[in-house]
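Below, each chain spelled out in residue letters.
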Amino acid sequence: MKESEIIEGVTREVAEALQIPQENVKLESKLGLELGAESIDYLDLTFRLEKVFGLEIPDGELFQSSSRHPSTMSVREVVDFVVSRKS
């Protein structure tokens with residue numbers, strides 16, 4: 001799968017999960033701070049990414065980190081995660 005396809009899929013799923021227009025989802029957008037994601041949205045987005053990309057993402061692996069809060073995570077970081085898992 002090409003990175004451009006992953007970018008398209010991630011931005012589409014972020015937009016659908018957050019019920020916002022896809023054109024508002026930029027790679028540099030912060031999920032919580034700029035796009036308004038809340039805790040339930042991170043869970044929804046994880047399920048969506050698993051389904052769309054055929055991944056198994058263990059609880060907390062994508063959005064839980066001791067070094068940063070999920071609200072500060074960018075769409076690019078989500079794309080990078082999916083790319084690393086699809087490689």
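Residues numbered from 1 in each chain as written. Predicted model: local features only at pLDDT ≥ 70, side-chain atom pairs only at ≥ 80, totals over all residues. Heavy atoms only, no water.

Novice: Even after reading the chapter, I still don't get the packing of aromatic side chains, so can you show me in this structure?
Specialist: For any pair of aromatic rings, the description rests on two quantities: the centre-to-centre distance and the angle between the ring planes. This model, assessed by the stated rule, comprises one aromatic pair. Taking the centre distance of 5.0 Å and the plane angle of 50° together, the rings of Tyr42 and Phe63 count as tilted. Here Tyr42, found in helix 2 (residues 39-53), pairs with Phe63, found in the loop between helix 2 and helix 3 (75-86); they are 21 residues apart in sequence, far enough to count as distant. Looking at Phe63, the relative accessible area reads 7%, which means it is buried. (Phe/Tyr/Trp six-rings, centres within 6.5 Å; stacked < 30°, edge-to-face > 60°. Helix = DSSP H or I, 4+ residues; strand = E, 2+ residues; numbered from the N terminus. Buried < 20%, exposed > 50% of the residue type's maximum accessible area, 1.4 Å probe, protein only.)

Novice: Teacher, can you tell me more about the nonpolar core here?
Specialist: In terms of nonpolar packing, the biggest core is built from 24 residues, with Val10, Val14, Leu31, Leu49, Phe63 and Val82 touching the most fellow members. Looking at this core, the elements with two or more residues in it are helix 1 (3-18), helix 2 and helix 3. Take this core: its biggest share by element is six residues, from helix 1. Look past the residues within four positions of Leu49 in its chain and what remains in contact with it is Val10, Glu13, Gly54, Leu55, Ile57, Leu62, Val78 and Val82. (Core = buried A, V, L, I, M, F, W, Y, C linked by side-chain atoms within 4.5 Å. Contact = heavy atoms within 4.5 Å.)

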